[in-house]
Amino acid sequence: FLIFMEFIMQFKQISISILIDKKSFEEIYTAQNILKNELGIQFQMNNQVCPHVNLFSGKVKKVDFLLDIKKIEFPKKIVLKSCGLALFLKKSPVLFVRYENCKYFSLIRKELSRLDFWVEKDKFAKKKFWLPKTTIALNDLKYNNLSKTIKTLNEINFEKTIYCNSLLI
């Protein structure tokens, strides 16, 4: 049992993400603060590192996985075209900013998937489930206040083109 636990603890959960631009970053935090203060919706705000677009995620074993990532050529500037707010209608709905998919995402995700340091790839990082998005509310958003939630965020324009130049791991 101890050997098994030692083996499990060697894995690290990582996410390779695009860090959104400063203005969009501030708008997401503003939206999350409004939801927290007016509706008590705060799970995502309290449990994320910062607003981002996850490109690929999973568990890695190798400590030097960053060396493999550095071999991939990332563009100097990433263009994200937002389609506005969207929802996943699940047991507990998920509110997010949706971005247009583009050729860049397919290519970079293919390269990340090929890297041999992945012990396990996250379900939503896999091709058939993935879409470019920044999550605003997760786990504590309820159907009975969905309409109020959307009206509360109506003043923020999430439909825009943003330019990003940083990755977050």
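By convention here, each chain's residues receive numbers from 1 onward along its written sequence. Only residues with pLDDT of at least 70 get local features here, since the model is predicted, and only at 80 or more are side-chain atom pairs given and counted; chain-wide, interface and lining totals rely on the full set of residues. Only hydrogens and water are removed before side-chain values are computed, so all heavy atoms of the structure are retained for them.

Chemist: Describe in detail the state of the cysteines, supporting the description with residues and values.
Modeler: Any pair of cysteine sulfurs within 2.5 Å is marked as a disulfide. Scanning all chains against the criterion turns up zero disulfides. No disulfide involves cysteine 50; its nearest neighbouring cysteine sulfur is the one of cysteine 164, lying 11 Å away. Any residue under 20% of the maximum accessible area for its type is buried, any over 50% is exposed, and the rest in between are partly exposed; the area is computed with a 1.4 Å probe on protein chains only. Take cysteine 50: its relative accessible area is 9%, and that puts it in the buried class.

Chemist: I'd love a proper account of a positive patch on the surface, names of residues and values included.
Modeler: In this analysis, a patch consists of residues with relative accessible area above 30% that form no salt bridge, clustered at 9 Å for like charges and at 5 Å for the nonpolar side chains Val, Leu, Ile, Met, Phe, Trp and Tyr. Accessible surface area values rest on a Shrake-Rupley calculation with a 1.4 Å probe, where residue burial reflects the displayed protein chains alone. A carboxyl oxygen of Asp or Glu within 4 Å of a side-chain nitrogen of Lys or Arg is what we treat as a salt bridge. Charge assignment: positive for Lys and Arg, negative for Asp and Glu; neither His nor the chain ends contribute. To locate a charge, take atom NZ for lysine, CZ for arginine, CG for aspartate or CD for glutamate. Taken together, the side chains of Lys90, Lys123, Lys126 and Lys128 define a basic patch exposed on the protein surface. Helix and strand definitions follow DSSP, with helices as H or I runs of at least four residues and strands as E runs of at least two, each counted in order from the N terminus. In this structure, lysine 90 sits in the loop between strand E3 (78–88) and strand E4 (94–99).

Chemist: I'd like a description of the pattern of salt bridges, backed by residues and values.
Modeler: If you walk through the whole model with that rule in mind, you get three salt bridges. As a salt-bridge pair, glutamate 27 and lysine 23 come within 3.3 Å of each other at their nearest N and O atoms. Of the two residues, glutamate 27 and lysine 23 are both situated in helix H2 (residues 22–39); the distance of four residues between them amounts to about one turn of the helix. On the basis of relative accessibility, which here comes to 16%, the residue glutamate 27 falls in the buried class. Linking glutamate 111 and arginine 114 is a salt bridge whose minimum nitrogen-to-oxygen distance equals 3.3 Å. Placement of the pair is glutamate 111 and arginine 114 together in helix H5 (residues 103–114), with a separation of three residues, close to one helical turn. Taking the relative accessible area as the measure of exposure, glutamate 111 reaches 34% and is therefore partly exposed. Look at arginine 114 and you get exposed, because its relative accessible area is 55%.

Chemist: Before we move on, can you summarise the pairing of E3 with the specific residues and values?
Modeler: Pairing of E3 with strand E7 (residues 161–164), which is carried by four bridges, proceeds in the antiparallel orientation. Across the sheet, residue lysine 81 finds its bridge partner in E7, namely threonine 161. Note: E3 against E4, six bridges, orientation antiparallel. When the sheet's bridge partners are listed, glycine 84 is paired in E4 with arginine 98. For two strands to pair, DSSP has to find at least two bridges joining them.

Chemist: So what about H2? Which residues, and what values?
Modeler: How far a helix is expected to stretch is found by multiplying one less than its residue total by 1.5 Å. A rise of 1.5 Å per residue sets the reference length of H2, with its 18 residues, at 26 Å; its end C-alpha atoms lie 25 Å apart and thus fit the reference within 8%. Along H2, the residues classified as buried are Ser24, Glu27, Ile28, Ala31, Gln32, Leu35 and Leu39. For H2, the arc enclosing every buried residue in end-on projection is 135°, short of the 170-degree limit, so these residues lie on one face. In H2, those exposed residues whose orientation departs by more than 90 degrees from the buried face are Lys22, Lys23 and Asn37. Considering only its buried residues, H2 is in contact with helix H3 (43–47), E4, strand E6 (133–137), helix H6 (146–152) and E7. Arc definition: directions from the helix axis to the C-beta atoms. Should any heavy atoms of two residues lie within 4.5 Å, those residues are considered in contact.

Chemist: For unusual backbone geometry, give the residues involved together with the corresponding values.
Modeler: The phi dihedral of asparagine 139 falls on the positive side, at around 75°, and the residue is not glycine. Locating asparagine 139 in the fold gives a position in the loop between E6 and H6. Judged by relative accessible area, which is 40%, asparagine 139 ranks as partly exposed.

Chemist: Account for the packing of aromatic side chains, naming residues and giving values.
Modeler: Aromatic rings in a pair are described by how distant their centres are and how their planes are angled relative to each other. Centres within 6.5 Å make a pair out of two Phe, Tyr or Trp rings, where for Trp the six-membered ring is used; the pair is then stacked when the planes are under 30 degrees apart, edge-to-face when over 60, and tilted otherwise. In total, this model carries six aromatic pairs according to the counting rule given. Geometrically, the ring pair formed by phenylalanine 25 and tyrosine 29 is edge-to-face, given 5.2 Å between the ring centres and 75° between the ring planes. Linking phenylalanine 25 with tyrosine 29, this pair stays in helix H2, spanning four residues, or about one helical turn. Accessibility expressed as a relative area gives 23% for phenylalanine 25, which makes it partly exposed. With 5.5 Å between their ring centres and 55° between their planes, tyrosine 104 and phenylalanine 105 make a pair best called tilted. Each member of the pair, tyrosine 104 as well as phenylalanine 105, carries the same accessibility label: buried. One aromatic cluster is present, formed by Phe56, Phe117 and Trp118 through successive ring pairs. One residue, lysine 77, lies across the ring of tyrosine 163, its end atom 5.3 Å from the ring centre. Only lysine NZ and arginine CZ atoms are considered, and such an atom sits over a ring when it is within 6 Å of the ring centre and within 35 degrees of the ring normal.

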